[in-house]
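An overview of the molecular structure
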2 protein chains.
Amino acid sequence: MTMHALSPDALGALQDAVGHNGMTADAVGMAKYLGDWSGDHHGAALAVLRPASVAEVQAVVRLCASLGLGIIPQGGNTGLVAGAIDIETQNSVVISLERLNAIRRVDADNFVLQADAGCILQTVKDAADAQDCLFPLALGAQGSCQIGGNAASNAGGINVLRYGMARDLILGLEVVLPDGELWDGFSGLRKNNTGYDLKQLFIGSEGTLGIITGVELKLFPKPVRTETAYLGLASFEAAVALFRQARRASADLMSAFEIIGSECMALARLIDANIVSPVEAPVHVLIELSASAAIDLRTLLVDFLGEAMESGQVIDAVLAESGAQAKSFWAIREGLVEGQAKRGYHVRTDLSVRISDIPALIDQARRFVALEHQGWLPLVYGHAGDGNIHFNVLPPEALDEREARARGADITAGLYRIVHALGGSISAEHGIGRTRHRTFMAGLAPVHRRLIGTLKSALDPQGLMNPGCLLPATETVP
Amino acid sequence: MTMHALSPDALGALQDAVGHNGMTADAVGMAKYLGDWSGDHHGAALAVLRPASVAEVQAVVRLCASLGLGIIPQGGNTGLVAGAIDIETQNSVVISLERLNAIRRVDADNFVLQADAGCILQTVKDAADAQDCLFPLALGAQGSCQIGGNAASNAGGINVLRYGMARDLILGLEVVLPDGELWDGFSGLRKNNTGYDLKQLFIGSEGTLGIITGVELKLFPKPVRTETAYLGLASFEAAVALFRQARRASADLMSAFEIIGSECMALARLIDANIVSPVEAPVHVLIELSASAAIDLRTLLVDFLGEAMESGQVIDAVLAESGAQAKSFWAIREGLVEGQAKRGYHVRTDLSVRISDIPALIDQARRFVALEHQGWLPLVYGHAGDGNIHFNVLPPEALDEREARARGADITAGLYRIVHALGGSISAEHGIGRTRHRTFMAGLAPVHRRLIGTLKSALDPQGLMNPGCLLPATETVP
């Protein structure tokens, strides 16, 4: 691994392409673009470019292509898999989309919103809300992640159950290709069945095929009714069975079905010591129903939970009597994530299995940790309705971080073996990036691997787009 | 255009690959595979192969690749754009999937169904229904179209509004690639964010990148409540405004919002002379709400329509009081399609525009026909909630078919100009096939055209998969 350097000519040309405020090449200025949110990874870059227009993105990409420089597209840099940080090839520039941050158009009549890639997700949500619409993508990082990054990483979150992943919410994309050409895939149409659906290539490709500069999004009617309940159950089996019944009983108006192992309460209390669990049970479920019309969701929920309690499936249930109480339920779910971050380094996974295999996954994973990694604390929570479990493991508090990281890698590998044997996925929503690409590629059938390589070579023949992300790095020499 | 012939050796090898009942090479036996549903197109083939297993599909594809033969994958052959009939290159074999027709697995616990590509759509729907689930894809041809063809063409239909196109209903695919290798993209997972989503390439690619041999589908809870209403409105403007309100007022539980110009009633009466319009108004709307739980959809609909009638937006409304009455409403919608087919050749389009542009599209198209093609009768109906309008035009009854077809081509071109100027699409759901590929390619930006060509060359370098479909034909010589 050699750190390259840019010639003064190259630096000057890049500077000219983005103007006075558009480039940083010194260590201090670049720092915030080179560390990730989790603090687990630090990268390097020859320069950080901050184009302020689509034309400037094109100019920078053309320059990079001619100089043979790797290009790391970067949104809010809130990813968890080092997808926007060059930790391997060291011959790249970061292109941050942060200055490309306008809402272009909110068309409430057609339930469509167009935005620059660098718009903060929360800004997009607020712009939709202001027109009495909902943009449903919702995740912890929504105050700082960018919509272009959400598209490139096919972001998930808590509302996937009802509204789908980022992929399902995108009507059109605008993309600067690796040769600097612009593909304008905006149409405003709900239905357009004309040949290959090119936007699908770029969604979830983690910046390896082009730079998304604009997105066209589907909006939904804003919910006017919401009901939230916090449930206690005896087991994950019971939670999975409950989910199945809830889908039917809620008429698919369920916007969240989160499971939380009771061991996570302690983590939530690290954020707010006053948090009290609304129920006493080994497994907690946070369920939310919402509707854009005056539907009596309360009766629907009460009837359904009444039956589930009578049959013994649900041990305890608390229905939110106010918006404030609903918020307090969500504070547990959000607090446990922040709480574990406070504990510093920990094993973080994002597994998915068939919904009916969730209990087996959790059972096997817990046994594995208990038997082979004593003293480590497993935490289970996730979007059960999507089969998506975050099985995380905290190191013993006394353990030195260096040792913890080494042992953590073993634990991660063990968990991947378990999920692999169940036919599951090592990434339900976080993506592959640079932390999982070896495991990812190793787990693929040769045909699948070949298809990925074929696409990458066809669309990015120079291998300049996000080198080392998703696919093994091919170092390019200027 | 030269008709090629197969050598006895080649014929023998193909016959061996599919066994005794698997091949037809004589004109009589091939006839039903070479004409399309509309009767508008007739193709040619060197042979029709009917493999009975995935391994046989692979064997046939390998042989075709070595012989340099074009491959026309064929499902139920119910398409409307000659996507499964070779009308140009004449050096191809048809591979019919009809013998690959098993339901592989219905996993109601996980709301997943796996099926062979050759399963009839209705069979898939019935298998889901038997497990109290819904597979929502619904279209006129569902009794004969095949699920693999639905995936390859990204089929639409009447429930797109609520459940999406075929693309949105597919969890996984199994595909034989142009070199005969098998890509197994089944996972059973709801969420799997690991690299390029390869299935997206094949969905809607109209058989030009590989042969779909199996599909893994999303199921939904079966609706237990349905409400249907037939409305009369003064204008398409009013219908579009009503749709917007209906989305909110129905909490997105609306499963259909069909518009029908009153001129279509005469067509429906060709199928059943007793059909009486439930309303008297220039524009009809058929609206359906459904839910898998005991939600009072009736009150929701009555309240909403009450307001709309009070404000004058809806002139007349009839709520179905029974399943039979709801069926009679749908009989109008289905009858008008069959009725126009009875009239023989007619201009058939499948346009889409932004929902708010529907009135402009219809207005401009009607003026165009009235001014430039007197005596031709425009018929307007469509899935208004998707912006999808079937603007069809019947020739004067006295006109000779040959003349009608020539004039029809001019009318189609004129309608495409109108939709193009509105930023719409010439194919909302029917696809491109061989009837629209020139218009399609001519309407694309050079970058878009190049990307399509790049994908095709990368995945099918010999150009053997469905030659002449979607992309201009490149004749291959053995």
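Keep in mind the model is a prediction, meaning the values are calculated, not measured. (Residues numbered from 1 in each chain as written. Chains lettered and ligands numbered in written order. Predicted model: local features only at pLDDT ≥ 70, side-chain atom pairs only at ≥ 80, totals over all residues. Heavy atoms only, no water.)

1. As for the side chain of B:Asn154
We apply this condition: Numbering of helices and strands runs from the N terminus; a helix is a DSSP stretch of H or I covering at least four residues, while a strand is a stretch of E covering at least two. Whenever two N or O atoms come within 3.5 Å, that pair is a polar contact, provided that in protein one can donate a hydrogen and the other can accept it, and provided that, for residues adjacent in sequence, both atoms are side-chain atoms. Two residues form a contact once any of their heavy atoms are found within 4.5 Å.
Turning to its location among the elements, B:Asn154 is positioned in the loop between helix H5 (147-152) and helix H6 (160-163). Polar contacts involving the side chain of B:Asn154 include one to the main-chain amide nitrogen of B:Ala166, which spans 3.5 Å. In this structure the side chain of B:Asn154 is engaged in a polar contact, spanning 2.8 Å, whose partner is the backbone nitrogen of B:Arg167. Among residues more than four places away in sequence, those in contact with B:Asn154 are A:Asn193, B:Met165, B:Ala166, B:Arg167, B:Ile203, B:Gly204 and B:Glu429.

2. Side note on the interface of chain B and chain A
It is common to give the size of an interface as the accessible area that goes away when the parts come together. Here is the rule we go by: Summed over both partners, buried area is the accessible surface (1.4 Å probe) that two parts give up on being assembled. Salt bridge, as used here: a side-chain nitrogen of Lys or Arg that lies within 4 Å of a carboxyl oxygen of Asp or Glu.
Counting residues at the interface gives 83 residues for chain B, matched by 83 residues for chain A. In total, about 6,800 Å² of surface goes out of reach between chain B and chain A, with carbon and sulfur atoms giving 59% of it. Interface area lost by chain B to chain A is led by B:Lys191, B:Asn193 and B:Tyr196, which between them contribute 15%. If you look at where chain B meets chain A, you find 10 salt bridges. The salt bridge involving A:Asp109 is made with B:Arg244; its shortest N-O contact spans 3.7 Å. Counting across the interface, chain B meets chain A through 40 residue pairs in polar contact (both at pLDDT 80 or more). For the side of chain B that touches chain A, the elements supplying multiple residues, two or more each, are strand E9 (182-185), helix H8 (199-202), strand E11 (220-221), helix H9 (236-249) and helix H16 (446-459) of chain B.

3. Here we look at the relation of the copies chain B and chain A
How we decide: Alignment of the copies relies on least squares applied to C-alpha atoms, considering only residues that score at least 70 for pLDDT in both.
Least-squares fitting of chain B to chain A yields an RMSD of 0.0 Å, with the superposition described by an axial translation of 0.0 Å and a rotation of 180°. Both copies of the chain, as the preceding transformation shows, are related through a two-fold rotation axis. The residues that chain B uses at the interface reappear at the interface of chain A in 100% of cases, marking a shared surface.

4. Some thoughts on helix H2 (residues 27-34) of chain B
At 3.6 residues per turn, the α-helix brings residues three or four places apart onto the same side. Residues and elements named next belong to chain B. As a reminder of what qualifies: With a 1.4 Å probe rolled over the protein chains alone, any residue whose accessible area is under 20% of its type maximum counts as buried; one over 50% counts as exposed, and the rest are partly exposed. Directions are taken from the helix axis to each C-beta atom, and the arc is the one they span.
Among the residues of H2, those classed as buried are Met-30, Tyr-33 and Leu-34. Buried residues along H2 cover an arc of 90° about the axis, so they all sit on one side. Opposite its buried face, H2 presents the exposed residues Val-28 and Lys-32, each directed more than 90 degrees away. Those residues of H2 that are buried lie in contact with strand E1 (23-24), strand E2 (48-49), strand E3 (70-74) and strand E4 (92-96).

5. Details of unusual backbone geometry
Unlike most non-glycine residues, A:Asp132 shows phi in positive territory, near 65°. Tracing the backbone through its elements, the reader meets A:Asp132 in the loop between helix H4 (121-130) and strand E7 (133-134). With phi around 50°, B:Asn154 is a residue other than glycine that occupies positive phi space. With a relative accessible area of 5%, B:Asn154 lands in the buried category.

6. Describing the pattern of salt bridges
Pairing is possible between side chains that carry opposite charge, provided their charged atoms lie close to one another. Enumeration over the complete set of coordinates arrives at 50 salt bridges over all chains. In this structure, A:Arg298 engages A:Glu227 in a salt bridge whose closest nitrogen and oxygen atoms are separated by 2.9 Å. Of this pair, A:Arg298 sits in helix H11 (residues 297-310) while A:Glu227 sits in strand E12 (residues 225-233), placing them 71 residues apart in sequence. Across the pair B:Asp357 and B:Arg354 runs a salt bridge whose closest N-O atoms are separated by 3.3 Å. The exposure class of B:Asp357 is buried, given its relative accessible area of 18%.

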